[in-house]
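Coordinate analysis (summary)
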Amino acid sequence: MKLLLHTCCAPCSVYCIKSLREENIEPTLYWYNPNIHPYAEYKARRDCLVDYAKQKDVKLILEDAYGLDEFCKNVIDKITTRCQEYCYPKRLRQAFEYAKQNGYDTISTTLLYSIYQKHDFIAELMDKYAEEYDIEFLYRDFRKGWQEGQDEARAAGLYMQKYCGCVFSEEESGIGREIGRKMKKQGISPTNANVRKIIEECKVDGIIVPGIVKGAVNEAFGEEIID
Ligand code: SF4
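What counts, and where the lines are drawn
Residues numbered from 1 in each chain as written. Predicted model: local features only at pLDDT ≥ 70, side-chain atom pairs only at ≥ 80, totals over all residues. Domains from an automatic or database assignment. Contact = placed C-beta atoms within 7 Å. Nonpolar A, V, L, I, M, F, W, Y, C, P; charged D, E, K, R; others polar. Pairing = 2+ DSSP bridges. Helix = DSSP H or I, 4+ residues; strand = E, 2+ residues; numbered from the N terminus. Core = buried A, V, L, I, M, F, W, Y, C linked by C-beta atoms within 7 Å. Buried ≥ 20, exposed ≤ 12 C-beta atoms within 10 Å, placed from the backbone.

1. Observations concerning the domain arrangement of the chain
Under the domain assignment, the chain is made up of domain 1 (3-155) and domain 2 (167-221). Here domain 1 and domain 2 have C-alpha centroids that lie 28 Å from each other. In this complex, domain 1 contributes four residues to the contact, which on the side of domain 2 involves four residues. For the side of domain 1 that touches domain 2, the residue count by class is one nonpolar, two polar and one charged.

Have a look at this one:
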């Protein structure tokens, strides 16, 4: 098997590489993530993966493309559906293109590791492209190794990002963390899922309006959590 593993970042690759090697499968990592902004963040994640690949002695192909302009132009009318309509297809199709042109017979992605990604959508998209490109999709539910991978990544001192990648996810994550901190101060322990759900439900035309989020959080928890 010649496996190309689309790789979103070093921390997400830890468990994937480890579990694949336990199956005697040696992946080639493929970096193509023009969805990561701003450039300092893109560089931090890319460089961390380069170092980690060397450390683990795993082959890495770098498709070095920072794509803020193109990304924004393509998602401006679909901010709420940007992941499914642009971001996943853009990255994963490119991975299939590379695999096809370079003789890989099997493909997978570290996006299947994250508990925050749209797992079922990604798996279905990979299935669709696998048929189109006539390349086998190696499905693994890497999420079962989530905690193990996170613990190992921290122990290895890898750069741990705080948001998915695009500027829109940075905003969601930043507001979510701020709400979380304020709730904790009030002695309430919010789960990420709760906060994310509230933020998601408070978007107006795909845009987060902090005042609406504040009202929704206060209403959800029955007190003045956020002033
Ligand atoms: S939230 Fe993540 S998957 Fe969705 S568009 Fe932004 S970077 Fe891509």
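2. Things to note about the sheet that holds strand β2 (residues 27-31)
Paired through their backbone hydrogen bonds, the strands of a sheet run either parallel or antiparallel. The strand order β3-β2-β1-β4-β5 describes an open sheet built from five strands, whose pairing is parallel. Every other strand in the sheet has two partners, leaving β3 (60-62) and β5 (136-137) as the edge strands with one partner each. Examined bridge by bridge, β2 and β3 share three bridges and lie parallel to one another. Across the sheet, the residue bridging to leucine 29 is leucine 60, located in β3.

3. Some remarks on the nonpolar core
Ranked by size, the top nonpolar core spans 38 residues in total, and within it Cys16, Ala95 and Ile107 carry the most contacts. Going through the elements one at a time, β1 (3-6), α1 (10-22), β2, α2 (39-56), α4 (82-101) and α5 (119-133) are the ones with two or more residues in this core. Cysteine 16 has contacts with Leu5, Thr110, Tyr113 and Phe142, leaving out every residue within four places of it along the chain.

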